[in-house]
Every structure is written in C-alpha cells, then in structure tokens.
Amino acid sequence: MDIQQKIIALREELNEHNYKYYVLDQPSISDYEFDMKLKELQQLEAQHPEFYDPASPTIRVGGMVTKNFDTVAHEHRMYSLDNSYSKEDLEDWEKRIQRILGDVEVEFTCELKYDGASISLTYEEGKLVRAVTRGDGFQGDDVTTNIKTIRSVPLQLKGDYPPKFDIRGEIILTLEGFAKMNQERLEAGEDPYMNPRNTASGSLKLQDSALVAQRPLECLLYSITGSNLGISSQFEVLEKARSWGFKVPTVAKLCKSTAEVMQFVEHWDTNRHHLPYETDGVVVKVNSIQQQEELGYTAKSPRWAMAYKFQAEQASTVLNEITYQVGRTGAITPVANLQPVLLAGTTVKRASLHNADQIAKLDVRVGDTVFVEKGGEIIPKIIAVDFTKRPADSKPTEYITHCPECATELIRKEGEAQHFCPNDTGCPTQITGRIQHFISRKAMDIEGMGSETVELLFKQGLIANYADLYTLTKEQVVPLERMADKSAENLVNGVAASKAIPFERVLFALGIRYVGETVAKKLAKAYKNIDALMAASQEELVAVDEIGERIAESVVNFFSEPTNLEIIDRLKSYGLQFSLSEEQLENQTDKLKGQIFVVSGVFETVSRDELKKLIEDNGGKVASSISSKTSFVVAGDSMGPSKRIKAESLGVPIISEQEFLQKLHA
Ligand code: AMP
Ligand code: ZN
C-alpha cells in the first residue's frame, strides 16, 4: 500500500471508530488503540502535507484559533417555534391545521426539545463545509472550526446522501459531562458553571478550538433543509440523517392524533429525568413534508410545528436555616437548609445561595417560603422568595462577618463575589480540606484513607498538615475509632506508596489556588522541578503559555509563605517526587533554552499544539503575545497582520515552520 492509501485507510478507520463511539455509543476498540492509530495518522499527515484533508479525524483535536467569528447569512432562515402548555393548546393547533389543509389525515412526529444551542451545518458532497449559530435566525456566526472538534459531528458522511443540504440541531453538554467539567473547576479553585445550556453555547464562541475539543459537547440533529432531497416526511428525515452518520436521538414517535401526542408528552414529562441530557419540552411536527409546505410559516415560526413546554421544575418550600461552608481555599459558601421537598424526582434539602450579593438581591430570609429550581446544577438553587408568605417578624439576613469554623474576621477582595477566611494556617476546615485534597484520587491517591480518617487524625492531633501524614506510624493509627490492625497497616502503606506519585500530581496535590490538574502539568513541564518553579517571578510565570496573572500571583504567594516552604522541605526529605522523572525528561533537550516563542497562524506539517510541545520539550517557552522579550515568532499561514506589524516594530525575527524545524534539528 502506498502512503496515500495508508493515510486514507487510517482516516476511514478512525472516522468509523469515532462514529461507533460517539454516535452509536458502541466502541469496538480500546481508547488506547484508538490513540495509537490517531498518532500514526498525525505522523503520516505531518510527513505528507500534500495529502491534507479538512475532513481528517486529526482535525478533532483542535488547535486553530478564531479571533473574530464571521457573520454568515443562513441560506434558509432558522425559525423559532410556537409554544403550547396544555392539551387544549395542542387541540386548538390541530383544528387550525385541519382548517387550512381541509379534511385530510394528518400525522405528527414527536421529538424531544433538546436544551442547548442551535446550530446549522452545511454539507456539500458529504463533507462538512460550514457550521453557523442561529444568531437572529437570518444570520449567525461561523463557528466551523469549533464544531469540527465535536466527535459526534460527522466530517464525512456515509451512505446515500444528497449532494448539498443544511442540517439543523442542538449542541448540548450531557449532564454527566457537565458535572465532570464543574468538578474539575472546583478542584482548581474556580467557580462552577451555572448550567449545561449556557456552557454549551459559550463553548461555541471560545477562540481556541483546542479548548472546545476538551469539552464533552454533543450534537443532536433534527431537521434538514435543501432542495430535491427526495424525502417526504419528518420521520424519514430522522431515519435518513441517522443512516448518513448523524447522531439523531431514537426517542421519537410517529403519532396519528393529538391524543397519542399527549401520551408521548406525559411519558417524557416524568421520564426525562433519566435522559443523559436536559430537555425542556416536546416538539410536535406535522409529518408530511408536502403538508408542511401547504401550511407554511408565520412571521416568526412554522405553522406545521409546535413546542410543548414541560412545566419548569420548581417547587416551593420553607427556608429553615442558612449555614456557611468553608472550602479548602477559605472561600465561604452560604447554603440554604430547606424543609425537604420533592423536586424533579429527588428530595431536596439544601440549595446554593452562592454569595452575599445573591442573598441581598433575592432578599431571602430564614423563615421565608422560597422557590427552588433544578437545572443542570449540581445542587438546586433558590430563584425567588414568595413574599406573600413572609412571616410578620421576619428580619433581613445579615451575612456573617466571622468564620464559622475559626472565628477569624472574613475578608472580601476587590472584584470578588466570595468572602474568604484569611486564616489559612489555623482554620481547621481549611486544614482538613487541604489534606483531603492532597490524598484525593487525582492528587496523591492515598489508598486506605478517606475524608473521615483525615478529620479523625486531625482531631486526635496526629496531623496538622499533609507533611505530617508521612510520619504517621501504625501504632499511632490503630487506637483510632473504627481502625483495625489491618486497616492501620494499609493506611501507612498507602502513604508510603504515594512517594512514587509523579511530580505534576504532587504539584496539583499541594493545593495552590487555581492550580488544577492541567495547570499543574503545564508548570511541571515548563519548570521541570520545584526549585525552578519556586524561583520563578510572576512575570516569568505569565510568560508560560496559558498561565495568566491570576494563577501566577497565586503561585508566587504560595511559595512566599514560610509555612508552605517548611512543609515542602519536609516532603522533600520524605522522598516525594519534586522533579520530572528521567523518562519524562528523556524526550526533552535544552536546545531552545532561554528562548521565548510566539506561535501564530496555521501550520502545515505539525499542529499548533505539537509545535508548542516541541518548543517546551526542547527547553523553550511559548508565550501568548509578542513583546520585546520574544526571541522568535513562528508564523504559519494566515498569521494576523497586527502580529506581523508588532513583531516587525519590535525587531523580533519572524521564522517559518520549516525554519523552526531546521533550527531544532540543526
Ligand atoms: P425557541 O427557541 O423556544 O423558539 O425554540 C425553538 C428552538 O428549539 C429551535 O431553534 C431549536 O434550536 C430548538 N429545538 C430543540 N429540539 C428541537 C427539535 N427536536 N426540533 C426542532 N427544534 C428543536
Ligand atoms: Zn476560618
């Protein structure tokens, strides 16, 4: 087989695996095997740029940056839907339809109304050529680069598809994917996102498509427009789209009457909570395309379709108490403790109140009857107070001024919504919180130890920080509540085993605010050992790719705290990994040491990310903007003119991708 055939075969194979995994949810090879094949393809494509294909599965990893999204007109307008809220509304609609169509039989297709961001995809000759947001319905933003990273969007269709058509659908985040993203943000000390829908729609407008690629977005399709498509019904649209490789939910039903439609609605009104994504209703469409054409459109929406909106998932209940939680970084979160109430299939006892401003805005008080709502948030939130039920003796809520755990006066920094307990070395909850983070699975992964054990050990005065874990003896642990000989031994062994955990995870475990898993990896790679990292100034840190002011400041603060330095010294003496291993360093050289690169544009033989990795692996640094400190700008295709002017005016040399690679291999 020649190289071109090999590349084509790999692309087809990987596209098929993507399809099985992301569209059918039926993977047939392991993630590892998939990654190896993808790597192989990436390498071949890098060596043979002449076989470039915008539909190659290697596009999925992203890396292209869009500064401004172009506005594009929709060839076919994207309409809104009329809403209905009751059986009567639906019956009225059916009568209107019958009046226009006369005495003929009308069938309906029922689908779920997915709650995300609408998108219109244009396919020509089986390839995705454009993806545009709904915008105002007449024109939207071209977000093709970002959409291409979504694995369930086919880049190349299969089967017997029309030469040109638009297909519409919804970009969503699954509840599971959303919860995972938030978990990661919380671990990094960042505020969680509010709900899956806004997060999905915000994701489409991220400038760096590599970031989009990391989000677990999905695309659910539901309609096709174009001419001469040879399709005669909406139900056929769904089946056809599915056969061409699109992800079309199988929850859809062909109904003969509005009575049958109501059965579908009622079933999903209660069962939607078991779906992996959020829905806010049912969309009912006249099935026959010919009848749809006869019915036509009003100024805003098709006459042949109707959204049936589910009742919002709200409940009202009494607020018994407001308590305040202290996180490991000292952030205070007010929590509403509620009279238990059934909401969206679960009993709710607590709701988030976010911060002091939120409490003031809602004017919520203990004793109030409040409305709680459950969206995609991890815990429900209070959306309003029922003022008609406010007790006569009610008093405005006074936000706490002192830490509920250690009585230290709280502070609130300029521009921050959250209050903080500044007593990070003495506040018991912060101390145990940090140790709990340290032992957690993604950090030091200490087996035989859980959150309660940490609290117990702390209460008994056996540990006051995470370094103390390493001096614990079996004899000290055995007498603790619920500890047996064996479990004590496991704990001590688990602690000892964690000394082998690699540097980047140790760095994450330290619990520096804003240093989550990904940032820890970046820093470990850029500095290679803790001493170099500790010596870095804020300016130097900011020069590292993807490290912003906020992270840099937090890192510098952490390492300027004498208690932290002392703890790190102790951890070093116990043998924890504070530098990258030989193996990690193996693929790295010092060839580019001291040089700062800015990477701009689109590259031919390597992706942007690979280019950055090459620079970092060889001791160079990647900065995000050009300054007098920049050593070289590596320019690919379509590098922005403003960057070029800036580089030229500062006298920073601009080199091509080829020149860079020659420099590296010289
Ligand atoms: P609205 O924005 O409330 O007018 O509702 C119309 C929007 O519902 C459309 O623009 C679509 O983005 C969205 N939608 C979600 N699921 C479906 C579906 N199955 N069929 C049609 N539209 C849908
Ligand atoms: Zn405190």
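Calculation criteria
Residues numbered from 1 in each chain as written. Chains lettered and ligands numbered in written order. Predicted model: local features only at pLDDT ≥ 70, side-chain atom pairs only at ≥ 80, totals over all residues. Heavy atoms only, no water. Helix = DSSP H or I, 4+ residues; strand = E, 2+ residues; numbered from the N terminus. Expected span 1.5 Å × (residues − 1). Buried < 20%, exposed > 50% of the residue type's maximum accessible area, 1.4 Å probe, protein only. Contact = heavy atoms within 4.5 Å. Pairing = 2+ DSSP bridges. Axes fitted to C-alpha atoms, helices over the stretch in contact; angles between N-to-C directions. Patch = residues over 30% accessible without salt bridge, like charges linked within 9 Å, V, L, I, M, F, W, Y side chains within 5 Å. Areas by Shrake-Rupley, 256 points an atom, 1.4 Å probe, with all protein chains shown as cover. Salt bridge = Lys/Arg side-chain N within 4 Å of Asp/Glu carboxyl O. Lys, Arg positive; Asp, Glu negative; His and termini not counted. Charge placed at Lys NZ, Arg CZ, Asp CG, Glu CD. Donors = N, O, S within 2.8 Å, 3.2 Å for Na, K, Ca; no water. Tetrahedral: all angles 85-135°; square planar, octahedral: opposite > 155°, others 65-115°. Domains from an automatic or database assignment. Arc of directions from axis to C-beta. Core = buried A, V, L, I, M, F, W, Y, C linked by side-chain atoms within 4.5 Å. Near = heavy atom within 4 Å. Polar contact = N/O pair within 3.5 Å; in protein donor to acceptor, adjacent residues only side chain to side chain. Nonpolar A, V, L, I, M, F, W, Y, C, P; charged D, E, K, R; others polar.

Draft legend 1. Representation of helix 5 (residues 175–187) within the structure. With 13 residues, helix 5 extends 18 Å between its outermost C-alpha atoms, agreeing within 8% with the 18 Å of an ideal straight helix rising 1.5 Å per residue. All of the buried residues along helix 5 are Gly177, Phe178, Met181, Asn182 and Glu187. Considering only its buried residues, helix 5 is in contact with strand 7 (164–173), helix 6 (196–203), helix 12 (428–439) and helix 16 (503–509). Among the residues trailing helix 5, Gly189 stands out with phi positive, at a value near 75 degrees.

Draft legend 2. Summary view of the sheet that holds strand 9 (residues 252–255). Taken in spatial order, the 5 strands make up an open sheet running 2-11-10-3-9, and their pairing is mixed. Either end of the sheet is taken by a strand with one partner, and the two such strands are strand 2 (83–84) and strand 9. Looking at chain direction, strand 3 (residues 108–114) and strand 10 (residues 279–286) are connected through 7 bridges and run antiparallel. Bridged to Tyr114 within strand 10 is Thr279. Sitting on the sheet, helix 3 (residues 87–101) is in contact with strand 2, strand 3, strand 10 and strand 11 (305–309), with an inclination near 175 degrees to strand 11. Of the strands in this sheet, strand 3, strand 9 and strand 10 touch helix 8 (residues 234–243), which is tilted by about 55 degrees from strand 3.

Draft legend 3. Summary view of a negative patch on the surface. On the surface, Glu539, Glu540, Glu549 and Glu553 cluster together into a negatively charged patch. Residue assignment for the negative patch shows that the elements contributing at least two residues are helix 19 (538–542) and helix 20 (549–559). Structurally, the position occupied by Glu553 is in helix 20. Residue Glu553 is classed as partly exposed on the basis of its relative accessible area, which comes to 42%.

Draft legend 4. Geometry of the coordination of the zinc ion (ligand 2). The zinc ion (ligand 2) binds to the protein through Cys403 (SG), Cys406 (SG), Cys421 (SG) and Cys427 (SG), with metal-donor distances spanning 2.2 to 2.4 Å. Each of the 4 donor atoms around the zinc ion (ligand 2) contributes to a set of angles spanning 99 to 115 degrees, which defines the coordination as tetrahedral. Donor residues binding the zinc ion (ligand 2) come from one chain and are separated in sequence as C-x2-C-x14-C-x5-C. Of the two residues, Cys406 sits in the loop between strand 16 (381–385) and helix 12 while Cys427 sits in the loop between strand 16 and helix 12, which places them 21 residues apart along the sequence.

Draft legend 5. Broad picture of the pairing of strand 11. With 4 of its 5 residues buried, strand 11 lies for the most part within the structure. One ladder, built from 2 bridges, connects strand 2 with strand 11; its direction is parallel. The residue of strand 11 that forms the bridge with Ser84 is Tyr308.

Draft legend 6. Summary view of the domain arrangement of the protein. The domains assigned to the protein are domain 1 (3–61), domain 2 (83–309), domain 3 (312–420), domain 4 (428–500), domain 5 (503–586) and domain 6 (596–665). The C-alpha-based centres of domain 2 and domain 3 are spaced at 35 Å.

Draft legend 7. Quick peek at the sheet that holds strand 7. With antiparallel pairing, 4 strands are arranged side by side in an open sheet as 5-4-7-8. Because the sheet does not close on itself, it has two edges, and the strands there are strand 5 (127–133) and strand 8 (217–225). Across the sheet, the mean angle from the axis of one strand to that of its neighbour is 30 degrees, orientation sign disregarded. Here strand 7 pairs with strand 8 via 8 bridges, running antiparallel. Paired with Gly169 across the strands is Leu221, a residue of strand 8.

Draft legend 8. Seen up close, helix 9 (residues 258–271). The end-to-end C-alpha distance of helix 9 is 20 Å, a good match for the 20 Å that 14 residues give at a rise of 1.5 Å each. When we look at burial in helix 9, the residues that qualify are Thr258, Val261, Met262, Phe264, Val265 and Trp268. The buried side chains of helix 9 occupy one side of the element, clustering within an arc of 160 degrees when seen end-on. Summarising the geometry of helix 9, the exposed residues directed more than 90 degrees from the buried face are Ala259, Gln263, Glu266 and Thr270. For helix 9, the secondary structure elements touched by its buried residues are helix 3, strand 3, strand 9, strand 10 and strand 11.

Draft legend 9. Expanded view of the environment of Glu176. The residue Glu176 is located in helix 5 in this model. Among the residues examined, Glu176 registers a relative accessible area of 66% and is labelled exposed. Each C-alpha atom, one on Glu176 and one on Tyr277, is 8.2 Å from the other, the two residues being 101 residues apart in sequence.

Draft legend 10. Summary view of the nonpolar core. Ranked by internal contacts, the top residues of the largest apolar core, which has 55 residues, are Phe438, Leu469 and Leu523. Those elements giving two or more residues to this core turn out to be helix 12, helix 13 (451–459), helix 15 (485–497), helix 16, helix 17 (517–527), helix 18 (530–535), helix 20 and helix 21 (562–573). Formed jointly, this core draws a minimum of three residues from each of two domains, domain 4 (428–500) and domain 5 (503–586). Apart from the residues within four sequence positions on either side, Leu523 is in contact with Leu507, Val515, Lys528, Leu533, Leu541, Ile547 and Val555. Listed in part, the 36 residues of the second largest apolar core include Ala55, Val212, Cys219 and Ile224.

Draft legend 11. Quick look at the environment of Val492. You can see Val492 is positioned in helix 15. Val492 gets classed as partly exposed once you look at its relative accessible area, which sits at 24%. Along the primary structure Val492 and Ala252 are separated by 240 residues, whereas in three dimensions their C-alpha atoms are 55 Å apart.

Draft legend 12. Broad picture of the pattern of salt bridges. Summed over the entire model, instances satisfying the criterion amount to 29 salt bridges. Asp280 is the partner of Lys113 in a salt bridge, and the nearest nitrogen-oxygen pair spans 3.8 Å. Residue Lys113 is located in strand 3, and its partner Asp280 is located in strand 10; the two are separated by 167 residues in the primary sequence. Residues Lys113 and Asp280 agree in their burial class; the two are buried. Note that Lys253 and Glu260 form a salt bridge whose closest N and O atoms lie 3.6 Å from each other. One salt-bridge network, in which partners are shared between bridges, spans Asp363, Arg365, Asp368 and Arg390.

Draft legend 13. A look at the site of ligand 1. Taken together, 13 residues lie around ligand 1, and Ser118, Arg134, Glu170, Tyr222 and Lys285 are the ones closest in. Here a nitrogen atom of ligand 1 sits 3.0 Å away from a polar atom, N or O, in the main chain of Leu112. One of the side-chain nitrogen or oxygen atoms of Tyr222 is found 3.0 Å away from an oxygen atom of ligand 1. When ligand 1 is considered free in solution it has 490 Å² of accessible area, and contact with the protein chains removes 86% of it. By residue number, the principal contributor to the shell around ligand 1 is strand 3, which donates 4 residues. Residues of the shell around ligand 1, tallied by class, amount to 6 nonpolar, 2 polar and 5 charged.

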